[in-house]
Structures are given as C-alpha cells and as structure tokens.
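# Topology and contacts: notes
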Amino acid sequence: MADKTSASQTEGAKSNAKNETKNEATSEAKATREEKLVQDVADLDDYARWYQDVVYKADMADLSPVRGCMVIRPYGYALWENMQRQLDDRIKATGHENLYFPLFIPYSFLMKEAEHVEGFAPEVALVTRAGGEELEDPLVVRPTSETVIGYMYAQWVHSYRDLPLLYNQWANVVRWEKRTRPFLRTSEFLWQEGHTVHRTEQEAEDETLLILNAVYQDFVEKELAIPVIPGRKSESEKFAGALRTYSIEAMMGDGKALQAATSHNLGQNFARSFGIEFQDADGQVKTAWTTSWGASTRLVGALIMAHGDANGLRMPPRVAPTQAIIVPIWRKDEEREAVAKLVSEVEAALRTAGVRVKADWREERPGWKYNEWELRGVPVRIEIGPRDAANGQVMLVPRTDRSAKEAVAARAVAERVPALLEEIQRALYEQALAFRLSRTYQAADYDQFRALFADRSKQGFVEAWWCGDAACEAQVKAETQATIRNLPLDHPEKPADAICVHCGRPASDWAIFARAY
Ligand SMILES: [Zn+2]
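Just so it is clear, the structure is predicted and the values come from calculations on it, not from any experiment. (Residues numbered from 1 in each chain as written. Predicted model: local features only at pLDDT ≥ 70, side-chain atom pairs only at ≥ 80, totals over all residues. Heavy atoms only, no water.)

## Topic: the sheet that holds strand 19 (residues 406-409)
Taken in spatial order, the five strands make up an open sheet running 16-15-17-18-19, and their pairing is mixed. Sheet topology places strand 16 (357-359) and strand 19 at the edges, where each strand pairs with a single neighbour. When strand polarity is set aside, the average angle formed by the axes of neighbouring strands in this sheet is 30°. Note that strand 18 (residues 393-398) and strand 19 share four bridges and pair antiparallel. (Pairing = 2+ DSSP bridges. Helix = DSSP H or I, 4+ residues; strand = E, 2+ residues; numbered from the N terminus. Axes fitted to C-alpha atoms, helices over the stretch in contact; angles between N-to-C directions.)

## Section: the sheet that holds strand 14 (residues 289-296)
Taken in spatial order, the 11 strands of this open sheet run 3-7-8-14-11-10-9-22-23-21-20, and their pairing is mixed. Two strands lie at the open edges of the sheet, namely strand 3 (97-98) and strand 20 (440-442), each paired on one side alone. In the sheet, strand 7 (residues 165-174) pairs with strand 8 (residues 188-198) via 10 bridges, with the strands oriented antiparallel. Its bridge partner being in strand 8, tryptophan 170 is matched across the sheet by glutamine 192.

## Quick notes on the nonpolar core
Ranked by internal contacts, the top residues of the largest apolar core, which has 56 residues, are Met60 and Ile304. Ranked by residue count, the leading element in this core is helix 10 (residues 298-307), at seven residues. Two domains each donate at least three residues to this core, and these are domain 1 (72-104 + 143-306) and domain 2 (324-435). (Core = buried A, V, L, I, M, F, W, Y, C linked by side-chain atoms within 4.5 Å. Buried < 20%, exposed > 50% of the residue type's maximum accessible area, 1.4 Å probe, protein only. Domains from an automatic or database assignment.)

## Structural notes on the pattern of salt bridges
Pairing between side chains of opposite charge can happen when their charged atoms approach one another. Scanning the entire structure with this criterion turns up 34 salt bridges. Two residues, arginine 485 and glutamate 249, come together in a salt bridge whose shortest N-O distance is 3.2 Å. Residue arginine 485 is found in strand 22 (residues 483-488), and its partner glutamate 249 is found in strand 10 (residues 244-251); the two are separated by 236 residues along the sequence. Take arginine 485 and glutamate 249: they sit in the same class, and that class is buried. The residue glutamate 406 makes a salt bridge to arginine 416 at a minimum N-O spacing of 2.8 Å. Residue glutamate 406 is located in strand 19, and its partner arginine 416 is located in helix 14 (residues 413-438); the two are separated by 10 residues in the primary sequence. It is possible to trace a salt-bridge network through shared partners that takes in Glu374, Arg381, Glu383, Arg402 and Lys405. (Salt bridge = Lys/Arg side-chain N within 4 Å of Asp/Glu carboxyl O.)

## Some remarks on the pairing of strand 22
Within a regular strand, the side chains alternate between the two sheet faces. Most of strand 22 sits out of view: six of its six residues are buried. Bridge analysis of strand 9 (residues 229-232) against strand 22 gives two bridges, and the strand direction is antiparallel. Looking across to strand 22, one finds that glycine 231 is bridged to proline 488. Of the pairings in the sheet, the one linking strand 22 to strand 23 (residues 509-514) comprises three bridges and is antiparallel in character. Bridging across to strand 23, asparagine 486 finds its partner in isoleucine 512.

## A look at the confidence of the model for the protein chain
Considering every residue of the protein chain, the mean pLDDT works out to 92; 92% of them sit at 70 or more. A low-confidence stretch, residues 1-25 (pLDDT under 50), is modelled with 27 contacts involving residues beyond four sequence positions or located in other chains. (pLDDT = per-residue confidence, 0-100. Contact = heavy atoms within 4.5 Å.)

## With respect to unusual backbone geometry
Trans is the common state for peptide bonds, and a negative phi is the common state for residues other than glycine. At the junction of leucine 163 and proline 164, the peptide bond is cis and its omega measures out at -5° in the coordinates. Its place among the elements puts proline 164 in the loop between helix 7 (146-156) and strand 7. Not every positive phi belongs to a glycine, and aspartate 59 is a case in point at roughly 60°. Locating aspartate 59 in the fold gives a position in the loop between helix 3 (47-57) and strand 1 (61-63). With a phi close to 65°, glutamine 481 is a non-glycine residue in the positive phi region. Note on placement: glutamine 481 falls in the loop between helix 16 (470-480) and strand 22. Exposure remark for glutamine 481: the relative accessible area of 47% places this residue in the partly exposed category.

## Observations concerning the side chain of threonine 480
Locating threonine 480 in the fold gives a position in helix 16. Of the polar contacts made by the side chain of threonine 480, one reaches the backbone oxygen of valine 476; its length is 2.7 Å. Here threonine 480 is in contact with Tyr446, Phe449, Arg450, Phe453 and Arg515, once residues within four sequence places are set aside. (Polar contact = N/O pair within 3.5 Å; in protein donor to acceptor, adjacent residues only side chain to side chain.)

Below you can see the structure in the form of structure tokens.
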C-alpha cells in the first residue's frame, strides 16, 4: 500500500507545474503518467487487488493506525452521506423515528440472551478499566444494540396503546474482526439499526418484510442500481437470537455474493430476556414481539464491486458525490477566457437544475483528468474547448460508454444532463442485472453443482432444492466454500418429488448457493 495515488499525484503535479509542453520528452513523460493512473489499478482478474486499488486510489478510504479500522476520506464519506440521506428518507416515510443510544453496553446485558451472547462474544471489545479504575461491571463497545435497547423499551412499554414502537438509530458499532477489508469488513463500521416493538407476531413479521422490501430492496435497487434477491436466511445463517432473518443478496463483479442488508424478526426472545411486556386490550399482560434491521457502510463496498470496471469506479448518479465533471480544454491564454466563460455558464445552469457539478481547473493535461475522473466514477464528463466555446456547445461523455460521446448546445445542457444521468442510472442497473442472470445457474445434481463452483472464471449463483438440514448445508460449504445466501421469497413451486441437490433427501426449500463476502 506504499505506492498510493495521492503520493504519485503530488509528484506529478509538481513536475507538471515546472514545465509547459516545451519538448517531446516532457509530453512523452506526461503521456506515460496518464496511462499510469489507470495501469495502477490492478487487472480485474486480480479482483481483490483491483478492489483495494480502487478504494485507495479513488480516495474513498485510507488505512488507519488501528488495525482493521478504516479512515473514510471525503469522497467516500460524501457517497455515504448521500446513501444515508436516501435510506433515512425511506425509514421515516415508513413511520419510523430516529433516536440515539450510548456506545457502551453493560457486559451483563449481553449475557441475558443466550444465543446472542454466543454469537457475539468472540468479537466483542470490552472496556474493563476507565477513569483510572477497574470497572465493577465491564462495558462492551456495542457490536449491535438489541440488549440496551431492549432494557429501555421494557421501561417505555406498558400498554398495548404504547405499541408499536418504531425507532431507528444511526451509529457506529465495533466487531473485532480477524480478517478485514475496507468497507466490506472492518472492526468499526457505520450503520443504521432499527428496533421495533409490536403487539402480535404477525405485526412483527409484517414490519420485518416491510423493511426488507419497501426500505432496503427499494433503496438498493433504485438508488444504488444494484439488483438484489430478497429471501430468508437458513437457520445456521440467521442473526444470533432471531426467530427469522431475511436478507437482500447482490452479485458482485467476480460472481461472489454480498449480503447488502438484513431484517430480523426477533420473535419474543429479546422481549422475554428484557421483560418487554404490555397489558393488552383484554386486560392480560403479554410479552411483546420485536424486530431489528440494519444496513451499513458495507453498501459502499457493494456499490464499488457491483459497478466498477477496468478503469475504476462507476458511481450510480443518484448517489454520486459529483454527478458531472467539467473539464476545460485550452492551449493558449487567449483561448482560456472564452472557455472559462462557457464553463461558468454551464456550471451555473447545471447547479440550478439540481446537478452536483464541478469544474476541474487544475494545471493538468485533459487526458490525465479524464482518467482520474473515470477512476473516481463520475457519471458524466463535460468537455469544453475553444471550438465548443465558439459554437456554444459542449461534449458530454457518459462514464458507462465513452463511445456515446455527444455534442449538446450549451443552452440545452440543463435539460440534457439530468436526462443523461437517469439513462446512466438505468444502464448500470440493467448491466448489473444482465451480469447476474448470465452468472446464475441451476444444478440438477451434485456433480453439476460442484462443476459450477470449480470454474472460478464462471463463478456465480447456483439455484437448487435443499433439504433444510444444517449438517447438509455445512457439508456443501466444506466441499465447495459455497453457502446458502438465502431462500428466495420468489421461488418456483416445489414439485412433489423435489430432492436436495446434495443429499438427495426430500427438499424443503429453493436455495441460492454462492461464495460470499
Ligand atoms: Zn440435503
């Protein structure tokens, strides 16, 4: 990670400031540097390195001095803020309110729900000493907040009239991970966690599915342009302490799966452990039903891997920090003035039209800037040169298809660019969906199943019938490294003679198997 773009960029900027295009040697050196920026991103065949290169060279994040944590840089954070805003709108539109709980949770709370503590204890960070003293009751740095929230809800809920409680918090959580990767798996990450309380099992189940579909699926598909498969997790993959866990699963550029968000029906497990009870309309005291659901900065990783290409990131316009980048082109000083005039007119018109636009006036060659903004995935590049200024037009180049370059009259830009952004948004979704479909297979028997996972270049999702047995699922994982991503809500009708693809016993569910992040 020593050779980071930022360093080579600074060097480049210095050497560039010194010389104008005086001789061929200099322009050759510059051309090399232009190519270098893209060459610096590893080939897609080396997907893990490609991912790291994109994250660091597009200035999304940096390494932190604490192992396993990450520093989110302004470009990555601006993306997260856009995502957060759109997700938050949906959370509120479905009737939820935001609140905030403390970072620390008494360790004893974690012990109250048996499955929960078993699931989280290995990755918990514990504070045993503070204020110069040993703590009597050690504190956990929250890995998730069901326990402390359950404790408080027990004090807030008394009657059926208090229900439902529909709350969400935006927070950081800590899970001490052994193997980490920026955005995908980090010891500290940002997320939202929703926690709700209901009167009946049905209400809790409806809430769990509402969040899965109307909030998560809708957000990820419409704003991030990533098609997902909503489904139920198998028993062994469900959240520690949940009755049922649902997830949305997306396919990444290497054919692996990424769990993009989860929604849990917690049943009465946490309500029982923390005493969330209410007096119902019939006068009886009853135990409540709770749910929890979360989506995190992992979605940034999902976006990078679902859309990125050999040249770097491709930002879906609806969440892109910069939607359009204007690159002014001029050689002589007398050209600069006319170009600058049109640049500021176009910039102002686009800003008024609600487009997040920037003009790049840095002392760099246009080609170098093109490469850099492509690496950063800006959806539309707007080139404005002396001839364009004279003709009152600009060139629009979509990130999704460089060959679709189009000349547009400057006065039509405020209309054309928003429309083009919508086209790019749609194109990204369609490309991701077409890729997923091309890498989704059905396996009639286990030989076929194994063969599908043996060829890494064709790696993808395999759909098959499964018996529902956790031991069978574990064996498949040991033999192929593929896990059951989920049991899709939308699945074919089960024939009477359907059998498990692995063990041949009668099938219970239609499952999606994949290697996963
Ligand atoms: Zn089986």
